[in-house]
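# Observations on chain architecture
So you can see what is in the structure, the chains are spelled out below.
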Amino acid sequence: MAKLIPRIGSRKNERISSRKNARRIPKGVIHVQASFNNTIVTVTDVRGRVVSWSSAGTCGFKGTRRGTPFAAQTAVGNAIRTVVDQGMQRAEVMIKGPGLGRDAALRAIRRSGILLSFVRDVTPMPHNGCRPPKKRRV
């Protein structure tokens, strides 16, 4: 029985590679989740599909350094660099969380050259939800 040899220039392979490169994204949404321990940046298109993401941990910061403003700035730079190459010019920014990287991330986004349509704080706030734990006696 003859063995089938896959063709290098087959139509199936060509479609996958061209689709990945040819995706132009003029407008997107940048989600910044800043906790005390880490900062996660996710860039999506308008429909919510993830285009690029980065975090302080993936940028090489370990331990307590992940929660620093400089780590957040580096994570934003990594995430935005790929989407600027894909043609993103306008973006909305959603910031969530109480971490130190909030302001640094926003500053880095402003410096990247992307026009911001709005910046929204989407930190979840309880409307007197769960009872808090009892106070510590030291």
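First, a word on scope: everything that follows refers to the structure included in this document. All values reported here derive from a predicted model rather than from experimental measurement. (Residues numbered from 1 in each chain as written. Predicted model: local features only at pLDDT ≥ 70, side-chain atom pairs only at ≥ 80, totals over all residues. Heavy atoms only, no water.)

### Some details on the pairing of strand β1 (residues 27-34)
On a regular strand, one side chain projects to one face of the sheet and the next to the other, so that they alternate. When β1 meets strand β4 (residues 90-96), the two strands line up parallel, connected through seven bridges. Note that in β4 the partner of Val29 across the bridge is Glu92. Note: β1 against strand β2 (residues 39-45), seven bridges, orientation antiparallel. Looking at β2, one finds that Gln33 is bridged to Ile40. Here β1 folds back onto β2, and the loop between the two strands holds four residues. (Pairing = 2+ DSSP bridges. Helix = DSSP H or I, 4+ residues; strand = E, 2+ residues; numbered from the N terminus.)

### Regarding the sheet that holds β2
Taking strand neighbours across the sheet as the criterion, the five strands line up as β3-β2-β1-β4-β5 in an open arrangement whose pairing is mixed. Only two strands of the sheet have a single neighbouring strand rather than two, namely β3 (50-55) and β5 (115-121). Adjacent strand axes in the sheet meet at a mean angle of 15 degrees when their direction is disregarded. In this structure, β2 lies alongside β3, joined through five bridges in antiparallel fashion. Bridge pairing in β3 places Thr42 opposite Trp53. Across the face of the sheet, helix α2 (residues 69-85) comes into contact with β1, β2 and β3 while running at roughly 155 degrees to β3. The strands touched by helix α3 (residues 101-111) are β1, β2, β4 and β5; relative to β5, the strand with the most contacts, the crossing angle is about 165 degrees. (Axes fitted to C-alpha atoms, helices over the stretch in contact; angles between N-to-C directions. Contact = heavy atoms within 4.5 Å.)

### Points about α3
Looking only at α3, the buried set comprises Gly101, Ala104, Ala105, Leu106, Ala108 and Ile109. Those residues of α3 hidden inside the fold are in contact with β1, β2, α2, β4 and β5. In the stretch just after α3, Gly113 is the one whose phi turns positive, near 95 degrees. (Buried < 20%, exposed > 50% of the residue type's maximum accessible area, 1.4 Å probe, protein only.)

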